[in-house]
Amino acid sequence: MRPSLPVQGIWHGEWDLERLGAITRGTVVEHLGIEFPSIVDRSLSARLLVKSNTARRMVFLQGGASLALAGTVGSIASQCVLRQST
């Protein structure tokens with residue numbers, strides 16, 4: 001059995017929930033109510049509740065809202081991974 005190696009984070013810079021809130025304020029993230037419950041060394045979690053502005057009939061999540069959630073998580077995670085230019 002090989003010894004386990006320490007887990008290294010994938011994010012460049014200091015990222016926390018407060019910073020995520022600051023960069024998403026006033027965007028579609030805030031409009032749709034996308035929330036980021038956690039950001040840890042190798043994972044970013046997000047959730048979107050089914051509400052009147054994200055649902056279609058019969059209380060299913062509207063497809064465009066699903067795409068907005070997926071696109072947002074991918075975009076934010078990419079921004080966290082890339083080195084910021086000075």
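The structure presented is a predicted model; accordingly, all values stated were derived computationally and were not measured.

With respect to the secondary-structure elements, Ser52 resides in the loop between strand S2 (43-47) and strand S3 (55-56). Taking the C-alpha atoms as reference points, Ser52 and Gln62, ten residues apart in sequence, are found 10.0 Å from one another.

On to the pairing of S2. The pairing of strand S1 (residues 35-40) with S2 spans four bridges and is antiparallel. Bridging from a neighbouring strand, Glu35 pairs with Arg47 of S2. Between S1 and S2, which pair antiparallel in sequence order, lie two residues.

Once that is clear, we can look at helix H3 (residues 63-81). For the α-helix, the turn length of 3.6 residues means that residues three or four positions removed from each other point alike. Counted at 1.5 Å a residue, the expected span for H3 with its 19 residues is 27 Å, and the 27 Å between its end C-alpha atoms agrees. Taken residue by residue, H3 has Ala65, Leu69, Thr72, Ile76, Ala77 and Cys80 as its buried positions. Down the axis of H3, the buried side of the element spans an arc of 120 degrees, and every buried residue falls inside it. Seen from the buried face of H3, the exposed residues on the opposite side, beyond 90 degrees, are Leu67 and Ala70.

Turning to the pattern of salt bridges, a few remarks are in order. It is possible for side chains bearing opposite charge to pair when their charged atoms get close. Applying the stated rule across the entire model yields one salt bridge. Arg47 serves as the salt-bridge partner of Glu35, at 2.6 Å between the closest nitrogen and oxygen. Remark: Arg47 occurs in strand S2 and Glu35 occurs in strand S1; sequence separation between them is twelve residues.

What follows concerns helix H1 (residues 17-24). One side-chain oxygen of the residue at the start of H1 lies 3.2 Å from the amide nitrogen of Glu18, identifying that residue as Asp16. Taken from the residues just after H1, Gly26 is the one with a positive phi, measuring 80 degrees.

This paragraph deals with the side chain of Thr72. Here Thr72 shows up in helix H3. Since its relative accessible area comes to 9%, Thr72 is described here as buried. For Thr72, the contacting residues outside a window of four places in its chain are Val28, Val29, Ile34 and Phe36.

Further remarks concern the packing of H1 against H3. At a closest axis distance of 12 Å, the pairing of H1 and H3 adopts a crossing angle of 120 degrees. Overall, the two elements H1 and H3 adopt an arrangement that is oblique. Crossing hand, H1 versus H3: right-handed. Of the residues in H3, those touching H1 at Leu20, Ile23 and Thr24 are Ile76, Gln79 and Cys80. Considered class by class, the residues forming the contact of H1 with H3 number four nonpolar, two polar and no charged.

Definitions and cut-offs
- Residues numbered from 1 in each chain as written.
- Predicted model: local features only at pLDDT ≥ 70, side-chain atom pairs only at ≥ 80, totals over all residues.
- Heavy atoms only, no water.
- Helix = DSSP H or I, 4+ residues; strand = E, 2+ residues; numbered from the N terminus.
- Pairing = 2+ DSSP bridges.
- Expected span 1.5 Å × (residues − 1).
- Buried < 20%, exposed > 50% of the residue type's maximum accessible area, 1.4 Å probe, protein only.
- Arc of directions from axis to C-beta.
- Salt bridge = Lys/Arg side-chain N within 4 Å of Asp/Glu carboxyl O.
- Polar contact = N/O pair within 3.5 Å; in protein donor to acceptor, adjacent residues only side chain to side chain.
- Contact = heavy atoms within 4.5 Å.
- Axes fitted to C-alpha atoms, helices over the stretch in contact; angles between N-to-C directions.
- Parallel < 35°, antiparallel > 145°, perpendicular 65-115°, else oblique.
- Left-handed = near helix turned anticlockwise from the far one by under 90°.
- Nonpolar A, V, L, I, M, F, W, Y, C, P; charged D, E, K, R; others polar.

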